Amino acid sequence: MTVCRLVLWRHGETDYNAAGRMQGHLDSALTQVGWNQARFAVPALARFDLDLVIASDLHRATDTATVLTEATGVPLRIDKRLRETHLGEWQGLTGEQVDLRWPGERDRWRKDATWAPPGGESRVDVADRAAEVVADLRSREEGPDETVLLAAHGGLIIALTGRLLRLPVEAWPSLGGIANCHWVELGLRDGNWRLHAYNAGITG
């Protein structure tokens with residue numbers, strides 16, 4: 001099969017989200033709110049008639065994806081290339097702590113997708129590895145069109161969206177954040193990805 005539609009789904013709320021801490025590659029856990037967010041989203045996501053779900057190997061994404069796949073019977077694969085941005089020395093810190101130790105650098109990070117936190121990776125780096133997952137899907141043998149959901153993380157979803165839409169890197173920071181358990185929908189037409197929905201989701 002060949003992928004014709006992508007749904008990029010952010011994980012539910014985690015204990016780090018609730019505490020305002022930066023996660024990166026740290027393996028934080030879903031809160032009860034996060035589990036419920038995933039459950040609320042299932043009926044809407046099931047309407048996409050998914051053929052495959054691929055999740056980041058970090059538990060917050062894998063657990064979110066499992067709520068969906070257990071409810072729908074859609075196959076689940078795990079791929080570590082869908083991990084969130086590695087935030088280096090910032091991981092585990094609050095925004096205030098980062099600002100105290102690295103004044104002005106968090107704002108620089110928000111505005112420049114080529115810049116990386118100390119010991120971490122840039123959003124361009126993240127887009128490179130995430131785009132490999134999509135390229136693998138597109139390189140498979142031709143067959144019926146399919147819809148694939150990638151269960152991942154906010155920073156990765158923004159970076160991958162910018163890459164797939166071929167936006168200039170300097171424009172990536174203009175893309176808004178993705179709320180917990182919200183998603184982006186992209187469709188492939190004439191060899192180009194088109195944006196169908198951004199930060200869509202269910203509130204409840």
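Residues numbered from 1 in each chain as written. Predicted model: local features only at pLDDT ≥ 70, side-chain atom pairs only at ≥ 80, totals over all residues. Heavy atoms only, no water.

1. Considerations on the pairing of strand β6 (residues 192-200)
1) Next: Pairing geometry for strand β5 (residues 183-189) and β6, over 6 bridges, is antiparallel. Looking across to β6, one finds that R189 is bridged to N192.
2) Next: Remark: 2 residues form the turn of the hairpin made by β5 and β6, two consecutive strands paired antiparallel; D190 in that turn has positive phi of roughly 55°. (Pairing = 2+ DSSP bridges. Helix = DSSP H or I, 4+ residues; strand = E, 2+ residues; numbered from the N terminus.)

2. Considerations on the nonpolar core
1) Next: Of all hydrophobic cores here, the largest spans 25 residues; its most connected members are L6, L8, I54, L82, V148, L150 and L160.
2) Next: The biggest single contributor to this core is helix α6 (residues 123-138), with 6 residues.
3) Next: In terms of nonpolar packing, the next biggest core, distinct from the first, is built from 19 residues, W9, A41, V42 and L149 among them. (Core = buried A, V, L, I, M, F, W, Y, C linked by side-chain atoms within 4.5 Å. Buried < 20%, exposed > 50% of the residue type's maximum accessible area, 1.4 Å probe, protein only.)

3. A short note on the pattern of salt bridges
1) Next: This model, assessed by the stated rule, comprises 11 salt bridges.
2) Next: Of the charged contacts in the structure, one is a salt bridge between R83 and D57, with a shortest N-O distance of 2.7 Å. In this pair, R83 is assigned in the loop between β3 (76-78) and α4 (95-101) and D57 in the loop between β2 (52-55) and α3 (59-72), connecting sequence segments 26 residues apart.
3) Next: Judged by relative accessible area, which is 25%, R83 ranks as partly exposed.
4) Next: Between R81 and D79 there is a salt bridge whose closest N-O contact spans 2.8 Å. (Salt bridge = Lys/Arg side-chain N within 4 Å of Asp/Glu carboxyl O.)

4. Topic: the pairing of strand β1 (residues 2-10)
1) Next: Counting buried residues along β1, 7 of its 9 residues qualify, which places the element largely inside the surrounding structure.
2) Next: By the bridge criterion, 8 bridges tie β1 to strand β4 (residues 145-152) in an arrangement that is parallel. Considered in β4, the bridge of R5 is made with T147.
3) Next: Note that β1 and β5 share 5 bridges and pair antiparallel. Paired with V7 across the strands is E185, a residue of β5.

5. Re the packing of aromatic side chains
1) Next: Under the definition given, this model contains 3 aromatic pairs.
2) Next: Note on W90 and W102: the rings are 6.2 Å apart at their centroids and 55° apart in plane angle, and the pair reads as tilted. On the criterion of sequence distance, the pair formed by W90 in the loop between β3 and α4 and W102 in the loop between α4 and α5 (105-111) is long-range, its members being 12 residues apart. For the pair W90 and W102, one class covers both residues: buried.
3) Next: With a centroid separation of 5.9 Å and an interplanar angle of 40°, the aromatic rings of W90 and W115 are classed as tilted. Of this pair, W90 sits in the loop between β3 and α4 while W115 sits in the loop between α5 and α6, and the two are 25 residues apart along the sequence.
4) Next: Residue classification places W115 among the buried positions, given a relative accessible area of 13%.
5) Next: These aromatic residues form a ring-pair network of at least three members: W90, W102, W109 and W115. (Phe/Tyr/Trp six-rings, centres within 6.5 Å; stacked < 30°, edge-to-face > 60°.)

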